[in-house]
Structures are given as C-alpha cells and as structure tokens.
Amino acid sequence: MLTSIPKYVVGEPYQQNGVWRYPRAEYGVDQTGLATTAPDHAGQTADGEIFDQTAMAAGHRSLQLPSIVSVTNLENGRQIVVRLNDRGPPKPSRLIALTKRAAALLDIHADGTRVRMQMLDTETRQLQAELASDGPKLDVAHVPREAIAVETLPAPSGASQSLRVRVAAARAEPVRQTATPSATVPLRLPEVVTQVYVAPVSLFVDAGSFSRQDYASILVNRLATLGARLTTSYTAPRQKAYRIRIGPFADVAQAEAMLERAISAGVNDAAIVVE
C-alpha cells in the first residue's frame, strides 16, 4: 500500500539505453503504441511514491508526473484509468509500463499489446494544482480498494462504443480525508474497467511530424531505404500536419526491428504507433 505522497515533477533530460529523453509538461495527449508490464524495483517512483505493483499506476518516459490517463487495450476493448507516476519503460518500442495489477485488468501480454493512452486533462490539472499548493488530499493509506466486475457488451448498431460498466461495491472501510471527496482526485485510483468498441489496427513506425512539407521531405528522403513515406493529417495540430510513417507491419517483431533501424539512422524519437 502506498505510504508516501507524490510531488509534481517534470524532470531534467536523461539518457536511457543510449537515447536522450526530454521530459515536458503537455496536455491534450493522445498517443498509441505498445504497452508492457513494469518490472519490480525497490524504492520510490520518479514522483516520490513507494513503488507499488498493486496500484493503478504506470510509467511514461516524458510526460509530467503525476498525470491521470485512460489506457485502452485496442485488441480487446478494455479501458482503465491509471496515474502516471514513474519513468519508463526502458525499451524504446514500448509506450507505457503498467503495474502488474493494471496490466492484468487490461490483459496485457508479454510480447507487447496495442494500446491507446489519452490524458484526462481536468483530473490531471486538478491533481497537479493540489500537489503544487499543498492543498486537500485524501489520506492515501485509507482510500478503499474496490472489487472489480466487468461486463463485456457488443457495440450497438451505429454506436462507436459501449459505456456500460458494472463495478462491485467497495469494502466498508472508513476513509479519512481532509476535504470533501468531490474536491480532490484520489491518489489511489479505483479499479474500474470499461468495455469499449475497438476496430482492427495496424502497427507503424512514426519517424517524425512537421509543420512544413519541405522539412518533412528531407527526412523522407533520408529514410527512403527503410520505406518511409509522407502522409498528411487534417486533424492533427498544425505543427504535426506532415508525418513520416514506415509500415504497416504484420507483427510486433517486425515493427521493433524497423524501429531499431530508424533509431540507428539517427531518428532518436522514432516510435511504434497504432493506426
């Protein structure tokens, strides 16, 4: 059980497996990639908590900590909410490292599971503001842990997702708090699984995004031997309108091999994405 209160951190640039990572504060995050299970380690997380494999938590290489995100398994439609509180995963082909409990609820498999990670901006800003101001927080050691029950529902005709969730009642354990629950984001998130509709997806290597086509074309030519191509997104922010993609790939192993080639070619921020 958690025995420490997190602190808000962004952090300095750091090197991981020969690749420099640059932490940053960012909101409106919507990323896809591969999830993994966080390895055991002693001591604290990057934001100052005791590392806990039973918490609804996860690690991310660059986003500010703590942050609240939803994670959707794009292979089975399971969706949960976790708190980013650590750095990782160390493997460049992975987007997020979930605790063992969170990974079990999503049914994450060892060779990499396709996921979508979306930041919950309101909850993230609220939690970060409370930590920065030393405002009201729940007594972490006494937040109840809820039992979980999941009901899988087919997507109704014409609908993009099913929002029906069934959660068992929490154990009757008293909660000590310094403010009303509505005024704060719990530091220990409940175990809630939502079943949503997902469509088949493919794996690509994202080699970069640009606001100008001429800049993007330079990188495409540089990676021509890897099969890179230029695509245009009309829904992405202007600074990411022109994207360089390699793929699709039939399986994770092929995508990982191409990612290694892209990084070896000098594209250190290349990543596996799911579309």
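Up top you'll find the structure we're talking about.
Residues numbered from 1 in each chain as written. Predicted model: local features only at pLDDT ≥ 70, side-chain atom pairs only at ≥ 80, totals over all residues. Heavy atoms only, no water.

Asks: So what's going on with helix H4 (residues 252-264)? Which residues, and what values?
Replies: Side chains of residues three or four places apart in an α-helix project in the same direction, reflecting 3.6 residues per turn. A rise of 1.5 Å per residue sets the reference length of H4, with its 13 residues, at 18 Å; its end C-alpha atoms lie 18 Å apart and thus fit the reference within 8%. All of the buried residues along H4 are Val252, Ala255, Glu256, Met258, Leu259, Ala262 and Ile263. With its buried residues spanning 165° around the axis, H4 presents them on a single face. In H4, the exposed residues that point more than 90 degrees away from the buried face are Ala253, Glu260 and Ser264. Buried positions along H4 lie against strand E2 (19-21), strand E3 (30-37), strand E10 (203-210), strand E12 (242-249) and strand E13 (271-274). (Helix = DSSP H or I, 4+ residues; strand = E, 2+ residues; numbered from the N terminus. Expected span 1.5 Å × (residues − 1). Buried < 20%, exposed > 50% of the residue type's maximum accessible area, 1.4 Å probe, protein only. Arc of directions from axis to C-beta. Contact = heavy atoms within 4.5 Å.)

Asks: Which residues make up the pattern of salt bridges, and what are the values?
Replies: Close approach of charged atoms allows side chains of opposite charge to pair. Under the defined criterion, the tally for this structure stands at 13 salt bridges. One salt bridge in this structure joins Arg212 and Asp214, with 2.5 Å as the shortest N-O distance. Between Glu275 and Arg243 there is a salt bridge, with its nearest N and O atoms 3.3 Å apart. In this pair, Glu275 sits in the segment after E13 while Arg243 sits in strand E12, placing the two residues 32 residues apart along the sequence. Taking relative accessible area as the criterion, Glu275 reaches 38% and is therefore assigned partly exposed. Each of Asp206, Arg243, Arg245 and Glu275 takes part in salt bridges that share partners, so that together they form one network. (Salt bridge = Lys/Arg side-chain N within 4 Å of Asp/Glu carboxyl O.)

Asks: How would you sum up the layout of surface pockets? Please name residues and give values.
Replies: To find the voids left in a structure, one rolls a probe of water-molecule size over its atoms. There is about 1,600 Å³ of room inside the largest pocket. Lining the largest pocket are 50 residues, with Asp30, Gln31, Asp206, Lys240 and Val273 sitting closest to its centre. Listing elements by their share of the lining of the largest pocket, those giving two or more residues are E2, E3, strand E8 (113-119), E10, E12 and E13. Its residues assigned to classes, the lining of the largest pocket comprises 20 nonpolar, 17 polar and 13 charged. (1 Å grid on protein atoms, 1.4 Å probe; cavity = no way out; pocket = protein on both sides within 12 Å on 5 of 7 lines; lining within 4 Å. Points joined across faces, edges and corners; volume = space filled by probe spheres on them. Nonpolar A, V, L, I, M, F, W, Y, C, P; charged D, E, K, R; others polar.)

Asks: Kindly report on unusual backbone geometry, identifying the contributing residues and their values.
Replies: The amide bond that connects Leu65 to the next residue, Pro66, takes the cis arrangement and shows omega of -10°. With respect to the helices, strands and loops of the structure, Pro66 is situated in the loop between strand E4 (57-59) and strand E5 (67-73). In this model, Asp107 sits at a positive phi of 65°, which is unusual for a non-glycine residue. Mapped onto the elements of the fold, Asp107 is located in the loop between helix H1 (100-106) and E8. With a relative accessible area of 46%, Asp107 lands in the partly exposed category.

Asks: Can you tell me about the pairing of E8, naming the residues and giving the values?
Replies: A large share of E8 lies buried, amounting to five of its seven residues. Note that E3 and E8 share six bridges and pair antiparallel. Its bridge partner being in E8, Ala35 is matched across the sheet by Thr113. As paired strands, E5 and E8 are joined by five bridges and run antiparallel to one another. By the bridge assignment, Asn73 is partnered in E8 with Val115. (Pairing = 2+ DSSP bridges.)

Asks: Provide a residue-level description of the side chain of Thr231, including the pertinent values.
Replies: For Thr231, the location among the structural elements is in strand E11 (residues 229-232). A relative accessible area of 15% places Thr231 in the buried class. If sequence neighbours within four positions are ignored, Thr231 has contacts with Ala241, Tyr242, Arg243 and Arg245.

Nothing here speaks to function; it is all geometry.
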